[in-house]
Amino acid sequence: MSDRETLDIYDAKAQEYAKITKSDADRPELTAFIDMIPTGGRVLDLGCGPGHFAARMAQSGLVVEASDASAEMINIASQVDGVSARIETFDALDAVDHYDGIFANFSLLHAERSTVPDHVATIAKALKSGGIFHIGMKTGRDEIRDSIGRRYSYFTELELEKMMNDNGLT
């Protein structure tokens, strides 16, 4: 994501966001993701925010890289033991056959709608054969800004399924 307005909001609210999302690392979809990754597997938390998910992955014995385009979110995430955090936009991902899993939980929804299919293609290339991809999105058909100015891109389930299928993902 490189939308300056959205990034400015996350930079300004990083500490507040870290507090209100702390319990999110207990979510069942994260547990399921971790359970599907081989012991010691390499994962990427793409759009990691304050690093709560990355921390849980590291505590589970995974080798964790975390990236986010918000400098303030990376400042918080970089303090997590066992996590290598870096400031990076989605389009900077250039790994090939590198990750056992990529976790993009409600992060790609901030990308420009027209770029999301390319991001999914890049993610598919970055995964090892049989790698696990978790994507969290909000469904719909629009690209809008919320009441505080963050960009959101919405897709139907059929559109998301097509993106996955087009890139060999299920």
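Refer to the structure above for everything that follows.
Residues numbered from 1 in each chain as written. Predicted model: local features only at pLDDT ≥ 70, side-chain atom pairs only at ≥ 80, totals over all residues. Heavy atoms only, no water.

## Topic: the side chain of His 134
With respect to the helices and strands, His 134 occurs in strand 5 (residues 127–136). Note on His 134: relative accessible area 15%, which makes it buried. Within polar-contact distance, the side chain of His 134 engages the side chain of Asn 105 at 2.6 Å. Apart from the residues lying within four places of it in its own chain, the contact partners of His 134 are Glu 29, Phe 33, Ile 102, Phe 103, Ala 104 and Asn 105. (Helix = DSSP H or I, 4+ residues; strand = E, 2+ residues; numbered from the N terminus. Buried < 20%, exposed > 50% of the residue type's maximum accessible area, 1.4 Å probe, protein only. Polar contact = N/O pair within 3.5 Å; in protein donor to acceptor, adjacent residues only side chain to side chain. Contact = heavy atoms within 4.5 Å.)

## Notes on helix 6 (residues 116–126)
Regarding helix 6, the residues found buried are Val 116, His 119, Val 120, Ala 121, Ile 123, Ala 124 and Ala 126. Looking at the buried residues of helix 6, the elements they touch are strand 1 (42–46), strand 4 (99–105), strand 5 and helix 7 (157–166).

## A few points about the packing of aromatic side chains
Counted according to the given criterion, the structure contains four aromatic pairs. Taking 6.3 Å as the distance between ring centres and 25° as the angle between the ring planes, the aromatic pair formed by Tyr 152 and Tyr 154 counts as stacked. Per residue, the accessibility class of Tyr 152 equals that of Tyr 154, and both read buried. Among the aromatic residues, those joined into a cluster by ring pairs are Phe 33, Phe 53 and Phe 103. The ring of Phe 155 is capped by Arg 113, whose NZ or CZ atom sits 4.3 Å from the centre of that ring. (Phe/Tyr/Trp six-rings, centres within 6.5 Å; stacked < 30°, edge-to-face > 60°. Lys NZ or Arg CZ within 6 Å of the ring centre and 35° of its normal.)

## Examining the layout of surface pockets
Approximately 540 Å³ is the volume attributed to the largest pocket. Lining the largest pocket are 30 residues, with Tyr 17, Gly 47, Asn 105, Phe 106 and Ser 107 sitting closest to its centre. For the lining of the largest pocket, a count of residues per class yields twelve nonpolar, ten polar and eight charged. Around the second largest pocket, the lining comprises 19 residues; the ones closest to its centre are Phe 133, Ile 135, Met 164, Leu 169 and Thr 170. For the lining of the second largest pocket, the leading source of residues is strand 5, giving eight residues. Considering only residue class, the lining of the second largest pocket consists of ten nonpolar, seven polar and two charged. (1 Å grid on protein atoms, 1.4 Å probe; cavity = no way out; pocket = protein on both sides within 12 Å on 5 of 7 lines; lining within 4 Å. Points joined across faces, edges and corners; volume = space filled by probe spheres on them. Nonpolar A, V, L, I, M, F, W, Y, C, P; charged D, E, K, R; others polar.)

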